[in-house]
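Below are the chains, spelled out letter by letter.
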Amino acid sequence: MAESSPEVRRKAGCDKDVPMEKKRHLLREDFASVASCDASVARRYLAENNWEMERALNAYFERPVEEGALKRRPESEPGSCVDRTNEETTDSISSKTSTSENLQQEDGSMFSLITWNIDGLDLNNLRERAQGVCSYLDLYSPDVIFLQEVIPPYYSYLKKRASSYEIITGHEEGYFTAIMLKKSRVKFKSQEIILFPNTKMMRNLLCVHASVCGNELCLMTSHLESTRGHAKERMNQLKMVLKKMQEAPESASVIFAGDTNLRDQEVTKCGGLPNNILDVWEFLGKPKHCQYTWDTQMNSNLGIPAVCKHRFDRIFFRAAAEGDHIIPQSLDLLGLEKLDCGRFPSDHWGLLCNLDVIL
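Calculation rules
- Residues numbered from 1 in each chain as written.
- Predicted model: local features only at pLDDT ≥ 70, side-chain atom pairs only at ≥ 80, totals over all residues.
- Heavy atoms only, no water.
- Axes fitted to C-alpha atoms, helices over the stretch in contact; angles between N-to-C directions.
- Helix = DSSP H or I, 4+ residues; strand = E, 2+ residues; numbered from the N terminus.
- Left-handed = near helix turned anticlockwise from the far one by under 90°.
- Contact = heavy atoms within 4.5 Å.
- Nonpolar A, V, L, I, M, F, W, Y, C, P; charged D, E, K, R; others polar.
- Salt bridge = Lys/Arg side-chain N within 4 Å of Asp/Glu carboxyl O.
- Buried < 20%, exposed > 50% of the residue type's maximum accessible area, 1.4 Å probe, protein only.
- 1 Å grid on protein atoms, 1.4 Å probe; cavity = no way out; pocket = protein on both sides within 12 Å on 5 of 7 lines; lining within 4 Å.
- Points joined across faces, edges and corners; volume = space filled by probe spheres on them.
- Phe/Tyr/Trp six-rings, centres within 6.5 Å; stacked < 30°, edge-to-face > 60°.
- Lys NZ or Arg CZ within 6 Å of the ring centre and 35° of its normal.

K.L.:
Would you explain the packing of helix α2 (residues 39-48) against helix α3 (residues 53-61) in this entry?
P.N.:
When two helices pack together, their arrangement is given by the angle between their axes and by how far apart the axes lie. The N-to-C vectors of α2 and α3 enclose an angle of 115°; their axes lie 8 Å apart at closest approach. In the packing of α2 onto α3, the handedness of the crossing is right-handed. Side by side, α2 and α3 meet where Val41, Tyr45, Leu46 and Glu48 of the first sit next to Met53, Arg55, Ala56, Ala59 and Tyr60 of the second. By residue class, the composition of the contact of α2 with α3 is 7 nonpolar, no polar and 2 charged.

K.L.:
I'm lost on the pattern of salt bridges in this one. Help?
P.N.:
Close approach of charged atoms lets side chains of opposite charge pair. Taken as a whole and judged by the stated rule, the model has 12 salt bridges. Arg343 is the salt-bridge partner of Asp122, the closest N and O atoms lying 2.6 Å from each other. Residue Asp122 is found in the loop between β1 (110-117) and α6 (126-140), and its partner Arg343 is found in the loop between β13 (326-334) and β14 (350-357); the two are separated by 221 residues along the sequence. Neither residue differs from the other here; Asp122 and Arg343 are each classed as buried. With a shortest N-O distance of 3.9 Å, Lys182 and Asp143 are connected by a salt bridge. Linking Lys182 in strand β4 (residues 176-182) with Asp143 in the loop between α6 and β2 (144-150), this pair joins segments that are 39 residues apart in sequence. Neither residue differs from the other here; Lys182 and Asp143 are each classed as buried. Several salt bridges share partner residues, and in doing so they unite Asp143, Lys182 and Arg185 into one network.

K.L.:
Any chance you could explain empty space enclosed by the protein here in plain terms?
P.N.:
A probe matching the size of a water molecule, rolled over the atoms, marks out where space remains unfilled. Counting across every chain of the model gives 2 cavities of 30 Å³ or more. Considered as a void within the structure, the largest cavity measures approximately 80 Å³ in volume. Here the lining of the largest cavity is built from residues that sort into 3 nonpolar, 4 polar and 2 charged.

K.L.:
Sorry if this is basic, but what is going on with the packing of aromatic side chains here?
P.N.:
Two aromatic rings, taken as a pair, are described by how far apart their centres are and by the angle between their planes. Taken as a whole and assessed by the stated rule, the structure comprises 6 aromatic pairs. Between Trp116 and Tyr136 the ring centres are 5.7 Å apart and the planes differ by 70°, which places this aromatic pair in the edge-to-face class. On the criterion of sequence distance, the pair formed by Trp116 in strand β1 and Tyr136 in helix α6 is long-range, its members being 20 residues apart. By the burial criterion, Trp116 is buried, and Tyr136 matches it. With centroids separated by 5.6 Å and ring planes inclined at 20°, the aromatic side chains of Phe256 and Phe316 adopt a geometry described as stacked. Residue Phe256 is found in strand β8 (residues 253-259), and its partner Phe316 is found in strand β12 (residues 313-318); the two are separated by 60 residues along the sequence. The residues Phe256 and Phe316 share a single accessibility class, namely buried. Over the ring of Tyr155 we find Lys159, and its NZ or CZ is 4.5 Å from the ring centre.

Below is the structure:
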């Protein structure tokens, strides 16, 4: 939801008029804020990396962590507190093979995806929240992951934790989107970035062409323009997304998943979805349990006193022309449990979608 770049706001390290000790003090403060650590830890990582902020943050987020067990459990009601930050190893996502994943690999009859705005722009408890997100990815081991509001340190952490996934990003600076493909299941073919010419918030459309079990896929994600005041630009971006979905090869199943920031009336003003594109939540009968993905009543991360409930995060689907080779089957929310730090992994809930693959 934020509109500004997550870049460190103080540029003391680049100001030659600032005394060196002052520069380093400000760098320590910035590092500690991003990494949610104390000043001594910040000093050590900065000193070991020649006081270069990006290198130091990457080293911090990629450091080895203690081993621990993480067992799958049913989702609890929002607000309950649980520690989901323990990591099995830095490569736990790549090394873990669950029963459900093995079944998928045996017959290829299931396909799963997660889409999540991980709120990398919120620097508070960033490491703990990143660990929490990765724990969910580890638990469900989806074939494709669509992420929004990724920042460079978070991206570095994902590369370390999820080496079994190929990660394609929509940008490399500021904040951006990413699509992650499980290497054992999804074959990457090509990528494309469609620019939104009038965005004020660094937004674009990331497209990835891939295949699963011989089925051609066109995967898309975006973070459409935020806030009510930018509805016109957001609707223009939606039209570009839908146009791109329709232009995809007829032989491909097309999946868009991302943070649309859409209100229902805005979709109506755009003329609704084309006949050959469906909203997965609506297709599945509008299940109440996963209607709202941004809910300030249940999610306290932003500390907003007003009650706001929106279905910002959406999945659109266009079937391949040859037949319904991939069919959405279920939809659930993720991230409903508070971490030990007292916060949720993100201000958005994630969406887990399971689809059937017709062989």
